[in-house]
Amino acid sequence: PCSISYNKTKMNSNKLLKHAVESTAVIAVVVCLNILLKPKDPGFTSLNYTPYICAALLSAAFYSRTIGYFSLLLSTAAIFIQGLLNNPGENNFSASAAVFASAAVILIYIFGTIRETDRLKIQKSREHLKKLSKEQYRLKRITSAQLEINRELEERVSRQQVTIST
């Protein structure tokens, strides 16, 4: 039992690391696009939405709240660093950026909660399916045993009929 939980924990930490790396790669792509397309606009603030926040929201929806918050933290750091490098000494943050970040925190929580709820439903469905499969196997064994008993009893009855008739 102990080795099973250790393996499960190791698998979960490997999965978490994989998701974090994937989210980091997505943020890196967005940073590269930001540098190539709009180098003087860190965070794509001129757009109605920011791809950085979209990446964090998608991470929360596909992976978990933790990965979503991690992506948001990376995105915020990337925007901050880009702002410092492109416009040193200027205040690069606006009220709208703060509103976007606040909304992102709330949305990441909601998306992550939906993802976790779905994951738990799937896990329960799998457990239920396993239970039903075991029950079906048990019932098949009982049925085959009953068929064997019926055959044996029919054979005994037919032997007794032969004995009585002779």
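Refer to the structure printed above.
Because the structure is predicted, anything quoted here is derived from the model rather than measured. (Residues numbered from 1 in each chain as written. Predicted model: local features only at pLDDT ≥ 70, side-chain atom pairs only at ≥ 80, totals over all residues. Heavy atoms only, no water.)

Colleague: Pulling in residues and values, what's your account of the nonpolar core?
Modeller: Among the nonpolar cores identified, the biggest contains eight residues, and these are I27, V30, V31, F44, Y52, A55, A78 and I79. Put simply, the parts of the chain that give this core at least two residues each are α1 (2-37), α2 (51-62) and α3 (65-86). At three residues, α1 tops the list of elements feeding residues into this core. Counting residues in each nonpolar core, the second largest holds seven residues, with I53, A56, L57 and A60 among its members. (Core = buried A, V, L, I, M, F, W, Y, C linked by side-chain atoms within 4.5 Å. Buried < 20%, exposed > 50% of the residue type's maximum accessible area, 1.4 Å probe, protein only. Helix = DSSP H or I, 4+ residues; strand = E, 2+ residues; numbered from the N terminus.)

Colleague: Provide a residue-level description of the packing of α2 against α3, including the pertinent values.
Modeller: Two numbers describe how α2 lies on α3: the axes approach to 7 Å, and their chain directions differ by 165 degrees. Overall, the two elements α2 and α3 adopt an arrangement that is roughly antiparallel. As for how α2 packs across α3, the hand of that crossing is right-handed. Across the interface between the two elements, Y52, A56, S59 and A60 of α2 pack against R65, I67, G68, S71, L72, S75, A78, I79 and Q82 of α3. When the residues that make up the contact of α2 with α3 are grouped by side-chain class, the tally is seven nonpolar, five polar and one charged. (Axes fitted to C-alpha atoms, helices over the stretch in contact; angles between N-to-C directions. Parallel < 35°, antiparallel > 145°, perpendicular 65-115°, else oblique. Left-handed = near helix turned anticlockwise from the far one by under 90°. Contact = heavy atoms within 4.5 Å. Nonpolar A, V, L, I, M, F, W, Y, C, P; charged D, E, K, R; others polar.)

Colleague: Any chance you could break down the side chain of S59 for me, citing the residues and the numbers?
Modeller: Take S59: it is sitting in helix α2. Setting aside residues up to four positions removed in sequence, S59 forms contacts with S23, S64, I67, G68 and S71.

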